Structures are given as structure tokens and as C-alpha cells.
Amino acid sequence: MEHRVIIEELTGTAFAPYGKVIDLPAAEPSKTGDGWNCWSYIQMLDVSEPIGFGLVETQQRAFVVTAMERHVSREELLLTFDREIIQPVAYCNDIDDPEEQPDPTTVKCFRIKPGQAIVIGRGVWHSPAYPASEDARYLFAIEKKKDKFGDEMINPWVDFIGGDTIRFD
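Residues numbered from 1 in each chain as written. Predicted model: local features only at pLDDT ≥ 70, side-chain atom pairs only at ≥ 80, totals over all residues. Heavy atoms only, no water.

Caption draft 1: Structural context of the packing of aromatic side chains. The final tally for this structure, using the stated rule, is 7 aromatic pairs. Ring centres 5.1 Å apart and planes at 85° place the aromatic pair Phe15 and Phe110 in the edge-to-face group. Here Phe15, found in helix H1 (residues 12–15), pairs with Phe110, found in strand S11 (residues 108–112); they are 95 residues apart in sequence, far enough to count as distant. Overall, the relative accessible area of 0% leaves Phe15 in the buried class. A ring pair is formed by Tyr130 and Phe168, whose centres lie 5.1 Å apart and whose planes are at 90°; its orientation type is edge-to-face. Of the two residues, Tyr130 is situated in strand S14 (residues 130–131) and Phe168 in strand S17 (residues 165–168); the sequence distance between them amounts to 38 residues. Across the pair, exposure class does not vary: Tyr130 and Phe168 are buried alike. Three or more aromatic residues link up through ring pairs in this structure, and these residues are Phe15, Tyr18, Tyr91 and Phe110. (Phe/Tyr/Trp six-rings, centres within 6.5 Å; stacked < 30°, edge-to-face > 60°. Helix = DSSP H or I, 4+ residues; strand = E, 2+ residues; numbered from the N terminus. Buried < 20%, exposed > 50% of the residue type's maximum accessible area, 1.4 Å probe, protein only.)

This is the structure we're talking about:
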């Protein structure tokens, strides 16, 4: 079965079930200087190990998702560099179940604009991000430690329940 998902604008409230949003705050900066403003600690990443950074070049392709991954032991930061990207996510129903599959009925897709970032919560299912229009680049940061249920470097992709697919637009 194919499920259709509408792309949503990224807001803290809409994304809260999946993690945290990093965006320019509406509040006054916590520090200022000659030619700069600083908002300290607008969001936190909960870590206990060194953080590894990676770069993804996401290329134009059909807006179709057939599988997702999750990290039950770590949060993941995702920051777009130059263009808008679309990030599909799905609820984690049981973070302690190593056999869990992503549920296609819980998928949401969020538009992340340059200057915005997200912190994907522990256990939240996600696919690689898609470019909104043109090829794009994004940075990810995650603790450099093995996940509770194995090493995502081997084959982290888990098909949706029932072999379903997601199409978004």
C-alpha cells in the first residue's frame, strides 16, 4: 500500500514528537558585540561520547520512501547548508524492541530551510533527507558509539510494516 504525506513547515510544536528544532530565536540575544549577536544554548544535544560529523549530498529523486533507520541510543543533529531539504520521520513505538519496523501511518515530512536544523530524538525513524528542489548538502552529527541494537554502518534500513511505501509532495 502507498501512503501520501503532505510536506509540513518546520516548527518546534509540529516537530516535538520527533525531536527538537534549532532556529533563530525570537528573544533578544544573550550576548552582543561590535558587529555580532549571540544566542547561547538555544538547543542542547544530549551526548556522553565524542560527536562524529558527516556530510550528505542529497540528489533529486522521486519523493518515495520504502525504508527508514533509527538510533535508539543517540540523538542526531541535521543542518542544511545551502538549500531546502525535506526530512521524513516516523514515530518509534517501542524503543526497546529490536524487531520494530517503522509504521507508515505515523510518517511526517518536514521542510528544513537553510539556517534551520533539527535534533532527531532517540529511536525516531528517519530516512535520508531529500532535496526540496535542487541537489542539496546537509551536515549530520551523532555520537560516535555503537547503537544498542547493532552498528548502523552494516545495514540500518528497515522496511515499513507490510512493505508499504510513502510518497510525499
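Caption draft 2: Region of the structure containing the sheet that holds strand S9 (residues 76–80). Read from one edge of the open sheet, 5 strands run S3-S12-S9-S15-S6, paired in antiparallel fashion. Whereas interior strands pair on both sides, the edge strands pair on one side only; in this sheet they are strand S3 (19–22) and strand S6 (51–58). Sheet twist, expressed as the average angle between the axes of neighbouring strands with direction ignored, equals 20°. Sheet topology places S9 next to strand S12 (residues 117–120); 4 bridges connect them, and they run antiparallel. Within the sheet, the bridge partner assigned to Glu76 lies in S12 and is Ile120. (Pairing = 2+ DSSP bridges. Axes fitted to C-alpha atoms, helices over the stretch in contact; angles between N-to-C directions.)

Caption draft 3: Main features of the side chain of Ser127. Its place among the elements puts Ser127 in the loop between strand S13 (125–126) and S14. Given a relative accessible area of 3%, Ser127 falls into the buried group.

Caption draft 4: Structural context of the sheet that holds strand S1 (residues 2–5). Spatial strand order, S1-S17-S7: 3 strands in an open sheet with mixed pairing. Of all strands in the sheet, those bounded by a partner on one side alone are S1 and strand S7 (64–65). Alignment of S1 against S17, held across 4 bridges, turns out to be parallel. Paired with Glu2 across the bridge in S17 is Thr165.

Caption draft 5: Region of interest: the pairing of strand S15 (residues 136–143). Here S15 lies mainly inside the structure; 6 of its 8 residues are buried. Pairing of S6 with S15 involves 8 bridges; the strand directions are antiparallel. Paired with Thr58 across the strands is Ala136, a residue of S15. Note that S9 and S15 share 5 bridges and pair antiparallel. When the bridges of S15 are listed, Leu79 appears paired with Leu139.

Caption draft 6: The arrangement of the environment of Thr58 in detail. Along the chain, Thr58 turns up in strand S6. For Thr58, a relative accessible area of 3% corresponds to the buried category. For the pair Thr58 and Ile120, spaced 62 residues apart in sequence, the C-alpha to C-alpha distance is 18 Å. Apart from residues lying up to four places away in sequence, Thr58 is in contact with Ile85, Ala129, Tyr130, Pro131, Asp135, Ala136 and Tyr138. One polar contact links Thr58 to Arg61, side chain to side chain, over a distance of 2.9 Å. (Contact = heavy atoms within 4.5 Å. Polar contact = N/O pair within 3.5 Å; in protein donor to acceptor, adjacent residues only side chain to side chain.)

From the geometry alone we can't say anything about function, so treat these as descriptive.
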